[in-house]
Amino acid sequence: MTTTAPQRDTPPMTDHVDVLIVGAGISGIGAAYHLSTEMPGATFTILEARDAIGGTWDLFRYPGIRSDSDLHTFGYEFKPWTSDNAIAGADEILDYLRETVAENNLGHHIRFGHKVLGAEWSSEEARWTVDVERTDTGEQTQLTCGMLFCAAGYYDYAAGYTPQFDGRETFGGTIVHPQEWPDDLDYAGQRIVVIGSGATAVTLIPALAERAAHVTMLQRSPSYVMTLPAQDPIANGLRRVLPDALAYRLTRRLNIARQRFIYDLSMRHPRLVRRLIRFMTKRQLPDGYAVDVHFKPRYNPWEERLCAVPNGDLFKAISDGRASVVTDRIARFTERGILLASGRELEADIIVTATGLKLLAFGGMQLAVDGRAVAMHDCLVYKSMMLSGVPNFAFAVGYTNSSWTLKVDLVCEHLCRMLAYMDTRGYDTVVPVEDDPTMPRRPLLDFHAGYVQRAVEKFPQQGSHGPWTVEMNYAADRVRLRQGPVSDPALRFSSSSRRRHLAGSVTA
């Protein structure tokens, strides 16, 4: 699992905390809340490479950006979502995160403009030494911590994914990727082609269609698109008669159960769900529309994530003639637009390459244990939150078939329970150890989406059974992470020589 790590310069150590959190997005803020409430004696710092909280929700600035999960499950369990909008835009989500930070006095724990480059674990010292770069000055420094928690998600913030398009340089208009949307891009009255059919594309198109001359969604193959209500009538009705916390708790439980029902139904009866989605799609489009050409995927529901459109806004834009769908392959870009494999040319003033994202494991940080670099792909994931052979390192990766934050809450709770368990027993080191080299393995993100498949070799793997599986079932994770014991045969707890020396000094 390890190879020799390269030699590094050693800037002077500047600080030490019990827990160092990497990333001030929804996962990092959630981790900070749990530490502050469940481990009030622990010291912690959040390092954020950017200049604002919010992670993905602050990074992406394209028109219409919103959640594709309801906020009653995407929000934190500990903080009710009180907006009338169940499917919310980035501005509302950022306000919610800012409130969370302010209400829990978390702001002074965050260091902006601090990018984590790598970290090395010392078994003798039972601590991580973390290499950090100041993004404003380029200055490099180090921090140390007892537990390192990566809340950086799995997107590469540096750039999105764009395939090579022949003739791209000949196009006379503007080409933009949604991850790099210019603040000054004026698309009013423009002809726009959006390449892609995933969550970003179906979000962009209705928003662009409000001002553009016309928007065309150009897809190589269709995706599943389902309409959800922008406002949840049950949630808003409960809030009118019950306290916010109770209404939120009831809505959350109902929506979790509904999400799971749809997913399980899709797995057990994919043909039935395909027919149901087709029926609902056809009802929202004009008579005679080629549903089976443009909205009939080649895969079964939930083999890739379903795209949600609030109040059917995509279908309304198509029905109104403000948007259209073309299913074809790109031959090349031309001076005026895009030449398709069928011979048709789509003329455009702006081309949006909503062609996907790049994944990046653990924010790109390089880990080493006692001088040996960690080979991520060789590691097995323990309970969706730790890596085999890597001490005192935890991370948060949410669900792909449900709301991300559901798992983040459980992982952060379990981490706090583990820290308390270690503290009361005099341990300062915990490491998952996988003793069965014959265990079958599969990808950490066992998902067919192209952006996942392109990066699968850069991520750890999961096993076939026991704590080495990555659950995509909230109920199962509640049992394992919230109700199950911290101790496990796969975990090795120990006290370092430094901890024993300190204990001996106190006793003396």
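Predicted model, so just to flag it, every value in this text is computed and none were measured.

Peer 1: What's the story with the confidence of the model for the protein chain in this structure? I'm lost.
Peer 2: Looking at the protein chain, pLDDT values average 93 and 95% of them are 70 or higher. Low pLDDT, under 50, characterises residues 1-14; the stretch is placed with 35 contacts to residues that sit more than four places away or in other chains.

Peer 1: Help me understand the sheet that holds strand β15 (residues 337-340) in this model?
Peer 2: With antiparallel pairing, the three strands of this open sheet are ordered in space as β14-β15-β16. With one partner strand each, in any of the chains shown, β14 (330-333) and β16 (345-347) form the two edges of the open sheet. If you compare each strand with its neighbour and ignore which way they point, the axes differ by 25° on average. Where β14 lies against β15, three bridges are found, and the strand directions are antiparallel. Following the sheet pairing, R332 is matched in β15 by L339.

Peer 1: Would you take a moment to explain helix α5 (residues 199-209) for this structure?
Peer 2: Because an α-helix packs 3.6 residues into every turn, residues spaced three or four apart end up facing the same way. When you tally the buried positions in α5, you get nine out of 11 residues, the bulk of the element. Residues A201, V202, T203, L204, I205, P206, A207, L208 and A209 constitute the buried set of α5.

Peer 1: Would you take a moment to explain the packing of aromatic side chains for this structure?
Peer 2: Across all of its chains, the model carries 22 aromatic pairs by this definition. Judged by centre distance (5.1 Å) and plane angle (70°), the ring pair of F362 and F395 falls under edge-to-face. Remark: F395 occurs in strand β22 (residues 393-395) and F362 occurs in the loop between β17 (350-353) and β18 (366-369); sequence separation between them is 33 residues. According to the relative accessible area criterion, F362 is buried, its value standing at 4%.

Peer 1: Could you clarify how one ought to interpret the side chain of T45 in this entry?
Peer 2: Tracing the backbone through its elements, the reader meets T45 in strand β3 (residues 44-48). Ignoring any residue separated from it by four or fewer positions in sequence, one finds T45 in contact with V17, V19, L20, I21, H109 and R111.

Peer 1: In this structure, what is going on with the pairing of strand β10 (residues 214-219)? I would like to understand it.
Peer 2: A regular strand carries its side chains on alternate faces of the sheet. Most of β10 sits inside the fold, with five of its six residues counted as buried. The sheet contact formed by strand β9 (residues 191-195) and β10 spans five bridges and is parallel. Looking at β10, one finds that I195 is bridged to L218. With α5 bridging β9 and the parallel β10, this β-α-β connection has right-handed handedness. Where β10 lies against strand β13 (residues 323-327), five bridges are found, and the strand directions are parallel. Residue pairing in the sheet places T216 in a bridge with S324 of β13.

Peer 1: I keep staring at the nonpolar core and nothing clicks. Help me out?
Peer 2: Within soluble globular proteins, side chains that are nonpolar generally end up buried alongside one another. Within the largest apolar cluster, 136 residues are counted, with the highest numbers of intra-cluster contacts made by I21, W128, L148, F149, L367 and F393. Per-element accounting of this core gives the leading share, 12 residues, to helix α11 (residues 404-425). Excluding residues within four positions of it along the chain, I21 makes contact with G28, A31, A32, L35, F44, T45, I46, L47, F149 and A151. If you look at the next biggest cluster of nonpolar residues, it comprises 12 residues, including F171, I195, F333 and A348.

Peer 1: Teacher, can you tell me more about the packing of helix α1 (residues 26-38) against α11 here?
Peer 2: The geometry of a pair of packed helices is captured by two quantities: the angle between their axes and the separation between those axes. Here α1 crosses α11 at 35°, and the two axes come no closer than 9 Å. The hand of the α1/α11 crossing is right-handed. Contact residues: α1 offers I26, S27, G30, A31, H34, L35 and E38, while α11 offers W404, T405, V408, D409, C412, E413, C416 and L419. Within the contact of α1 with α11, the residues separate by chemical class into eight nonpolar, four polar and three charged.

Peer 1: I would appreciate a short explanation of the pattern of salt bridges in the present structure.
Peer 2: Taken as a whole and assessed by the stated rule, the structure comprises 25 salt bridges. The partner of R211 in a salt bridge is D186, and the shortest N-O contact between them spans 3.3 Å. Within this pair, whereas R211 is found in the loop between α5 and β10, its partner D186 is found in the loop between β8 (174-176) and β9, the two being separated by 25 residues in sequence. Judged by its relative accessible area of 44%, R211 is partly exposed. Of the charged contacts in the structure, one is a salt bridge between E347 and R191, with a shortest N-O distance of 2.9 Å. Note that E347 is positioned in strand β16 and R191 in strand β9, a separation of 156 residues in sequence. Residue classification places R191 among the partly exposed residues on the basis of a relative accessible area of 34%. Because the salt bridges share partners, they merge into one network encompassing R191, R336, E345, E347 and D349.

Peer 1: Can you walk me through the state of the cysteines in this structure?
Peer 2: Between two cysteines, a covalent bond joining their sulfur atoms is known as a disulfide. Taken as a whole, this structure holds zero disulfides when the rule is applied. This cysteine, C150, is not joined by any disulfide, and C145 carries the nearest cysteine sulfur, 12 Å off.

Peer 1: Explanation requested: the sheet that holds β8 in the structure shown.
Peer 2: The strands making up a sheet are joined through hydrogen bonds of the backbone, oriented either antiparallel or parallel. Reading across from one edge, β8-β17-β9-β10-β13 is the order of the five strands in this open sheet, with parallel pairing throughout. If you trace the sheet from one side to the other, it starts and ends with β8 and β13, each paired once. Averaged over all pairs of adjacent strands, the angle between strand axes in this sheet comes to 20°, irrespective of strand direction. Where α5 meets the sheet, its contacts fall on β9, β10, β13 and β17, and the angle it forms with β10 comes to roughly 165°.

Rules behind the numbers
- Residues numbered from 1 in each chain as written.
- Predicted model: local features only at pLDDT ≥ 70, side-chain atom pairs only at ≥ 80, totals over all residues.
- Heavy atoms only, no water.
- pLDDT = per-residue confidence, 0-100.
- Contact = heavy atoms within 4.5 Å.
- Pairing = 2+ DSSP bridges.
- Helix = DSSP H or I, 4+ residues; strand = E, 2+ residues; numbered from the N terminus.
- Axes fitted to C-alpha atoms, helices over the stretch in contact; angles between N-to-C directions.
- Buried < 20%, exposed > 50% of the residue type's maximum accessible area, 1.4 Å probe, protein only.
- Phe/Tyr/Trp six-rings, centres within 6.5 Å; stacked < 30°, edge-to-face > 60°.
- Right-handed = clockwise from strand over helix to strand, strands pointing away.
- Core = buried A, V, L, I, M, F, W, Y, C linked by side-chain atoms within 4.5 Å.
- Left-handed = near helix turned anticlockwise from the far one by under 90°.
- Nonpolar A, V, L, I, M, F, W, Y, C, P; charged D, E, K, R; others polar.
- Salt bridge = Lys/Arg side-chain N within 4 Å of Asp/Glu carboxyl O.
- Disulfide = S-S within 2.5 Å.

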